[in-house]
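Listed below, chain by chain, are the residues.
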Amino acid sequence: MPKYKPLHTKRLTIRPISIEDAAFVLELMNTPKWIKNIGDRNVRTVEDAEAYIIEKAFPQFKEYGYGNNVVVRTADNTRLGTCGLYHREDREDPDIGFAYLPNYIGKGYAFEAANHLMIAAKKDYGLTELSGYTLEANLASRKLLERLGFSIKGIGKLPNNDEELLHYYRVLNFDI
């Protein structure tokens, strides 16, 4: 488990992913929107989800101090989705990413969590810029990135993925 202080907004707790989130991760990664917009990661069991968390999430926290977070509704401790900062092996600047269970889309949770995470990116991690990647057809993610102040930089690909994605970018030039 990474050593990291959770972030808090009015409605949300944004905390590092843990092994205890494996069942939630399994559910999230097998939603139709995840598979369509992010891709099938062949996570089919809780054990697969645990391995995914250990192999993909924990090394990011260890090396960079940030990574994938679970977004929890504070009022009832319900896991809503994920929002994280990811450092890809062939990229200079980290990118922000998010995914939510279908029942929690369109309620402002993604904007609230991502906006707060961007502030932490600058304040706590000293980051000065972020990217975001999404499929051209993923209008919800595109709208969220644009609402967060990102602009399209061009077309890009992520490591180990041949799919062309829109590459969004923004400088973290807000005052804290």
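Up top is the structure.
Residues numbered from 1 in each chain as written. Predicted model: local features only at pLDDT ≥ 70, side-chain atom pairs only at ≥ 80, totals over all residues. Heavy atoms only, no water.

(A) A look at the packing of aromatic side chains. For the coordinates displayed, the defined rule picks out two aromatic pairs. Here the aromatic residues Y64, Y66 and Y125 are joined through ring pairs into a cluster of three or more. Note that K153 overlies the ring of Y169, its terminal NZ or CZ placed 4.8 Å from the centroid. (Phe/Tyr/Trp six-rings, centres within 6.5 Å; stacked < 30°, edge-to-face > 60°. Lys NZ or Arg CZ within 6 Å of the ring centre and 35° of its normal.)

(B) Representation of the layout of surface pockets within the structure. The calculated volume of the second largest pocket comes to roughly 230 Å³. In terms of lining, the second largest pocket is formed by 12 residues, of which the most central are K5, L7, A120, K123 and D124. A per-element tally of the lining of the second largest pocket places helix α4 (residues 109-123) first, with four residues. (1 Å grid on protein atoms, 1.4 Å probe; cavity = no way out; pocket = protein on both sides within 12 Å on 5 of 7 lines; lining within 4 Å. Points joined across faces, edges and corners; volume = space filled by probe spheres on them. Helix = DSSP H or I, 4+ residues; strand = E, 2+ residues; numbered from the N terminus.)

(C) Quick look at the packing of helix α1 (residues 22-29) against helix α3 (residues 46-64). At their nearest, the axes of α1 and α3 sit 8 Å apart, and the two run at 100 degrees to each other. With respect to their mutual orientation, α1 and α3 come out roughly perpendicular. Side by side, α1 and α3 meet where A22, A23, V25, L26 and M29 of the first sit next to V46, A49, E50, Y52 and I53 of the second. Looking at the contact of α1 with α3 residue by residue, the class counts come to nine nonpolar, no polar and one charged. (Axes fitted to C-alpha atoms, helices over the stretch in contact; angles between N-to-C directions. Parallel < 35°, antiparallel > 145°, perpendicular 65-115°, else oblique. Contact = heavy atoms within 4.5 Å. Nonpolar A, V, L, I, M, F, W, Y, C, P; charged D, E, K, R; others polar.)

By themselves, these are just geometric observations and shouldn't be taken as functional.
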